[in-house]
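Residues per chain are reported as follows:
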Amino acid sequence: PYHKLYETTVEFQTKYKDWMDGSFDNIDPDDVDAEVGNFWRTLYKLEKTFANQADPESIALKDKGVAGKNIAAKMKGKVSDFKENLPLIQCICNKGMRDRHWEQMSKIVEFSIKPDNDTTLRKMIDLNLDPYLEKFEGISEAATKEFGLEKAMAKMVEEWTDMEFMILPYRETGTYILSSVDDVQNILDDQIVKTQTMRGSPFIKPFEVEIKDWEEKLITLQEIIDEWLKVQATWLYLEPIFSSPDIMAQMPEEGRRFNAVDKNWRDIMKAVTQDRHVLAVLEIDKILERLKKSNELLELILKGLNEYLEKKRLYFSRFFFLSNDELLEILSETKDPTRVQPHLKKC
């Protein structure tokens with residue numbers, strides 16, 4: 001126990017000096033609290049051990065035990081004295097403290113207590129701040145809550161750092177399509193809910209503008225993905241149809257509209273291939289507006305296509321036995337009877 005007493009005494013005195021006179025910014029209140037608790041418990045046990053060791057039949061051993069007990073008790077007293085500063089340390093060494101919190105505390109004591117490069121815990125304790133502790137605790141608690149929100153925001157932003165869209169080349173078209181967006185959608189759903197919850201927190205005020213901007217960014221990203229997938233689904237259906245010169249000749253207006261959509265699609269996908277990071281799509285010029293316009297054009301093309309097919313069925317009623325896809329294959333291959341022949345049995 002004597003060696004343990006020596007080790008504990010030296011370690012506490014070293015830590016005490018670091019805490020009191022070292023860098024104020026490096027003090028972690030939770031670590032200090034845990035270590036002080038450990039020192040106190042160790043010295044309490046050592047004090048009891050030395051008290052039990054005193055042997056009344058051996059004066060030498062008794063004196064040694066008493067000496068050990070006295071040293072342990074003295075060190076435990078020093079630790080207890082330091083423990084009285086823990087509530088203040090928890091308040092002023094809080095990692096969530098920002099300039100706005102120091103200004104609030106300074107207003108309470110009517111002089112500046114904002115730390116600078118020369119600030120130490122000893123200097124702060126010497127300011128005799130204990131009478132203001134109750135008011136400080138409210139400010140420090142708010143700082144902790146705000147710090148939690150600040151960290152949550154930073155974590156959300158960081159989550160997108162390595163998140164990229166998966167894109168694949170599409171057949172021989174020279175362009176690309178989006179592959180699965182499940183991972184992106186999962187993060188997006190989660191973060192939109194988190195952001196809306198955070199906006200309702202009473203401690204969000206210092207980050208109100210940032211969190212609102214972030215929410216708008218996420219909602220815009222969701223809109224882009226929704227419009228993008230809608231364009232892709234229709235473009236994939238129409239691209240083979242309007243690749244046929246026969247269809248382009250028979251439906252010139254729809255053909256012009258599809259060419260406009262196709263160019264827009266290729267331009268957007270080219271930009272995405274240059275930077276696949278999910279948040280990078282927000283920087284593509286007017287992407288949401290362009291995708292919405294493409295969907296409007298695609299709806300007109302589909303409407304025109306259906307009207308065109310109905311007209312053909314009215315001219316030749318046996319075409320009613322064919323699906324749209326089968327009828328389109330016949331109409332797009334008018335110069336190749338071998339491609340048309342398989343469908344004639346149904347007519």
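Refer to the structure printed above.
In short, a report on the structure. What you are looking at is a predicted structure, and each value in this text was computed from that prediction instead of being measured.

**Describing the environment of K217**
Consideration 1: Its place among the elements puts K217 in helix α9 (residues 208-241).
Consideration 2: Relative accessible area serves as the criterion here: at 36%, K217 is assigned to the partly exposed category.
Consideration 3: Through-space distance from the C-alpha of K217 to that of I192 is 9.8 Å; in sequence the pair is 25 residues apart.

**Overview of the packing of aromatic side chains**
Consideration 1: Taken as a whole and judged by the stated rule, the model has 11 aromatic pairs.
Consideration 2: Look at F12 and F39: their rings are 5.4 Å apart centre to centre, the planes differ by 75°, and that puts the pair in the edge-to-face class. Linking F12 in helix α1 (residues 2-21) with F39 in helix α2 (residues 29-53), this pair joins segments that are 27 residues apart in sequence. Each member of the pair, F12 as well as F39, is classed as buried.
Consideration 3: Here the aromatic cluster, defined as three or more aromatic residues joined through ring pairs, consists of F12, Y16, W19, F39 and F82.
Consideration 4: In this structure, K83 packs its charged tip against the face of W40, placed 5.1 Å from the ring centre.

**Some thoughts on the pattern of salt bridges**
Consideration 1: In total, this model carries 15 salt bridges according to the counting rule given.
Consideration 2: The partner of K17 in a salt bridge is D21, with the nearest N and O atoms 3.9 Å apart. Residue K17 and its partner D21 are located together in helix α1, separated by 4 residues, close to a single helical turn.
Consideration 3: The exposure class assigned to K17 is exposed, which follows from its relative accessible area of 53%.
Consideration 4: We classify D21 as partly exposed; its relative accessible area is 34%.
Consideration 5: Among the charged side chains, a network of salt bridges with common partners joins K17, D21 and R122.

**Re unusual backbone geometry**
Consideration 1: Positive phi, normally seen in glycine, also occurs at R171, with a value near 45°.
Consideration 2: Within the secondary structure, R171 is located in the loop between β1 (167-169) and β2 (176-178).
Consideration 3: Residue classification places R171 among the exposed positions, given a relative accessible area of 61%.
Consideration 4: In this structure, K286 takes a positive phi of about 50° despite not being glycine.
Consideration 5: With respect to the element layout, K286 can be found in the loop between α11 (252-274) and α12 (287-315).

**Quick notes on the state of the cysteines**
Consideration 1: The final tally for this structure, using the stated rule, is 0 disulfides.
Consideration 2: Of all cysteine sulfurs, the one in C93 lies closest to C91, which takes part in no disulfide; the gap is 9.6 Å.
Consideration 3: Residue class for C91 comes out buried when judged on its relative accessible area of 4%.

**Structural notes on α11**
Consideration 1: With 23 residues, α11 ought to run about 33 Å at 1.5 Å a step, and its terminal C-alpha atoms sit 33 Å apart, in line with that.
Consideration 2: All of the buried residues in α11 are E254, G255, F258, V261, D262, N264, W265, I268, M269 and V272.

**Here's the deal with helix α5 (residues 99-109)**
Consideration 1: Of all the positions in α5, only H101, W102, M105, S106 and V109 are classed as buried. Buried residues in α5, looked at end-on, bunch into an arc of 135°, giving them a common side. Across α5 from its buried face, at more than 90 degrees, point the exposed residues E103 and K107.
Consideration 2: In this structure, the buried residues of α5 make contact with α4 (86-92), α6 (121-126) and α7 (133-159).

Parameters at a glance
- Residues numbered from 1 in each chain as written.
- Predicted model: local features only at pLDDT ≥ 70, side-chain atom pairs only at ≥ 80, totals over all residues.
- Heavy atoms only, no water.
- Helix = DSSP H or I, 4+ residues; strand = E, 2+ residues; numbered from the N terminus.
- Buried < 20%, exposed > 50% of the residue type's maximum accessible area, 1.4 Å probe, protein only.
- Phe/Tyr/Trp six-rings, centres within 6.5 Å; stacked < 30°, edge-to-face > 60°.
- Lys NZ or Arg CZ within 6 Å of the ring centre and 35° of its normal.
- Salt bridge = Lys/Arg side-chain N within 4 Å of Asp/Glu carboxyl O.
- Disulfide = S-S within 2.5 Å.
- Expected span 1.5 Å × (residues − 1).
- Arc of directions from axis to C-beta.
- Contact = heavy atoms within 4.5 Å.

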